[in-house]
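# Close look at the chain arrangement
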Amino acid sequence: MHKKILYLLLIFSFPFLQQAQQPKKPNATEIFESIQKLNFLGSVMYIAAHPDDENTRLISYLSNEVKARTAYLALTRGDGGQNLIGPEIRELLGVIRTEELLEARKIDGGEQFFTRANDFGFSKHPDETLAIWNKNDVLSDVVLAIRKFQPDIIINRFDHRSPGATHGHHTSSAMLSVEAFDLSNNASVYPEQLKQTSLWQPRRQFFNTSWWFYGSQEKFDQADKTNLLSIDTGVYFPLKGLSNPEIAALSRSNHKSQGFGSTGSRGEELEYIELINGDLPIDKSNIFDGIDTTWNRVKGGNAIGNILSKVETDFDFTNPSASIPKLLEAYKLIENLEDEHWRSVKSKEIKDIIYACAGLYLEAVADTNHTTKNSKVNIAVEMINRSNTNIVFTGLTLKDGDSKEAFNSLELKNNKKEQLKSTIVISKNQEPTTPYWLTSKGTLGMYKVTNPNLIGLPETPIVYTATFKLEIDNSPIEFTKPIVFKTNDPVKGEVYKPFVIIPEASAKIAEKVIIFENDKQKEIPIIVKAGEDNLEGFVSIAHPNDWNVYPEKQIVSIAHKGEEQTVIFTVIPPKNQSEGLISPMVHIGDNIYTRELIEIDYDHIPFQTVLLPSESKVVRLSIQKKGENIAYIEGAGDVLPESLKQIGYNVVTIAPKDINAETLNRFDAVVVGIRAYNTVEDLKYKQQILFDFVEQGGNMIVQYNTNSRLQVDKLAPYDLTLSRDRVTNENSEVRFLNPNHSLLNYPNKITQKDFEGWTQERGLYFPDKWSSDFTPILSMNDKGESPKDGSLLVAKYGKGYYIYTGLSFFREFPEGVAGAYRLFANMLSIGKEDIKIEAKLND
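Residues numbered from 1 in each chain as written. Predicted model: local features only at pLDDT ≥ 70, side-chain atom pairs only at ≥ 80, totals over all residues. Heavy atoms only, no water.

The next thing to look at is the packing of helix α2 (residues 28-38) against helix α13 (residues 340-357). Direction vectors running N to C along α2 and α13 enclose 160°, while the axes themselves pass 10 Å from each other. Between α2 and α13, the interaxial angle falls into the category roughly antiparallel. Handedness of the crossing formed by α2 with α13: left-handed. On the side of α2, the interface is formed by Ile31, Ser34, Ile35, Lys37 and Leu38, while α13 contributes Lys346, Glu349, Ile350, Ile353, Ala356 and Cys357. Looking at the contact of α2 with α13 residue by residue, the classes come out as seven nonpolar, one polar and three charged. (Axes fitted to C-alpha atoms, helices over the stretch in contact; angles between N-to-C directions. Helix = DSSP H or I, 4+ residues; strand = E, 2+ residues; numbered from the N terminus. Parallel < 35°, antiparallel > 145°, perpendicular 65-115°, else oblique. Left-handed = near helix turned anticlockwise from the far one by under 90°. Contact = heavy atoms within 4.5 Å. Nonpolar A, V, L, I, M, F, W, Y, C, P; charged D, E, K, R; others polar.)

In structure tokens:
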């Protein structure tokens, strides 16, 4: 088979980039709309930097109103963001946000692609972004996406002409898109890609502008709009009973980890796009003006168009199966098209329509949601034809890459369910299931993908499938479905999960950072999970040379797969400050397993299985602390309670309803979690109680909040104004504004060394205005910027202290940054020095 054809088959039939969940069951309206899209041969690619950057109103409009094949290319997976729904950050957050994008596309009708770029956190300039990303590799991925998808039109979310005016990732996405516009049609550029795809030249490129990019509505109204098109995306779809903005809001609301729930609107919604490459449409009301989007676009397409035009005109909403004979006629012609691209795209589309018109339901269900290599799995097959169409089942191929099993033919009568039983044998060489971009260690800015055929895909392709061979009205046709697992939940009902391959054994250490505040040994539990029955072996620990671990190994014996066994190792730190990694190694026969199996389970995305290196950072700290009891008020999620417990504090999480004077009197300090004042509405009723606690001698530490959507009128007992100031370079110089202040001296002497080894950033959303009652402690800034002095502010209020900090402790604690722990201990200890001095005076 020609390599290009093989690649297109890989992309468009590749197995079900939609992971296991309840299968789509389109109704007659949805089938009709699919037929309308089948008759439109035009494509648009929207390009931006992150999940949630995309304009869902425009994507939905192009997909549902224009009927164009529409894709969103997100350069990153959003790994550097925050998580409002759980503890997952970095790589695991990237997995969640990938799935949220896919769920969004299912609603607005788009497709989803990515590059290998890693969201390393906020960047102020594209120069920095492109240096960390590796510009050439990301540009290569953008060119590849254009060559594969073949968009007639590209729309950039951001302006390529304003470097430094917004997030460096944003501007970079536009700059790379503009550069790729012509490069995608240049055979001398990334020629290795042409082994798997072909050259492509988009016709037009736009920038999705708005008044915001002009600074104000007034300036936008006065601007020259010669090169602008206005699109009313507020259209109403009677067949759906929804406006386009309502669909867009449903789509955007899938970005739950970012708190982007949206309310739909109705009525006119104008979007503006500015031409930046290609020719301006003569008819500005039609973005595809001058581009043939009919079947006449492809050689041999005229006959197909005539057939499918009649299918659309004659469609019977009460009997969709009446369209099947003509659809089959068109399908045969599509299969013989010379144009490889449109043949692949439209073959898949028309097969899905035939499947839906026949009321077909084909499913292969495994008796387990996970297994290991070289194992056997039972498969239950269900088939039903819910139409009067003549359909004969002629065979079934269960594929795992190494084996096939065929079945005898069977007539599928109207509404009569047929069931089969079989088994599959998992290949002995099969790799475990995990996101493909996480299988190899990459860099700060780039994920490493060794298989070029995977670059750009949203998910790891599913290997285990069932191919149903049918004859519909004597025409042979195949439908391939992923093998899935499903069960019944007493609350949720039918629940689907992907069928995945896991290792024979996995191991995890519950704490990803283990802090030793002195040289006393700690007992560290290692949890071993069996991927198969009768697991026998032993566990050892890899550790730094200056640390000691005993015993040398622990025996593991687990009877049933899915069960766990906990073994205990004693870890002895060195006498002096030190840090390193410990990693459990599970020895089973001749194999050693060193990865942790992580399961991500949220209702709004499919169940995810992720394998990451099993390791924990061990840190021997030279740290002192004062005070014992800390109250923690949860915000948008961080690991602060667990982190403070490790250095000897007693931390109690309290709910807003339990905040009262009596409760607070039990604590030395109250710590407010990140973005709590953005996300916890009830805190606005408790703020004065917290201030009273400080006034009576307690300490209150408030971590960063954003300056929008604040739930409280008064963030601090004195005037304090938040800004968008941030320092993104984690290695930026830190200057001590008040070197003699107790925060820098008691009980730990803070030095420049304490700001070494920070990760991703120094901090964010610093205050830029504050009352003279506050004392700024630190000053820092990114290169070329003015000093930012609001990262750590402290004020005496009554007998206690109020501290506001935008420093990114929520990122530093999970990485075991020693200086962050020492500084935070000082913040919790503030005022205790006064007590000590007062006690001496009283003596």
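Counting buried positions along strand β16 (residues 465-472) yields six of eight residues, so the element is predominantly enclosed. Across eight bridges, strand β13 (residues 391-399) lies against β16 in antiparallel orientation. For threonine 397, the partnering residue across the bridge sits in β16 and is threonine 467. Looking at chain direction, β16 and strand β17 (residues 475-489) are connected through eight bridges and run antiparallel. Paired with leucine 470 across the strands is isoleucine 477, a residue of β17. In textbook terms, the turn of a hairpin is the stretch between consecutive antiparallel strands, and for β16 and β17 this stretch comprises two residues, one of which, aspartate 473, has a positive phi near 50°. (Buried < 20%, exposed > 50% of the residue type's maximum accessible area, 1.4 Å probe, protein only. Pairing = 2+ DSSP bridges.)

The next point concerns unusual backbone geometry. Going from tyrosine 550 to proline 551, the amide bond is cis rather than trans, its omega being 0°. If you trace the backbone, proline 551 turns up in the loop between β24 (548-550) and β25 (553-558). For the peptide bond that leads from tyrosine 746 to proline 747, omega is -5°, which places it in the cis range. For proline 747, the location among the structural elements is in the loop between β37 (734-736) and β38 (763-770). Of note in this structure, tyrosine 190 is not a glycine but carries a positive phi near 50°.

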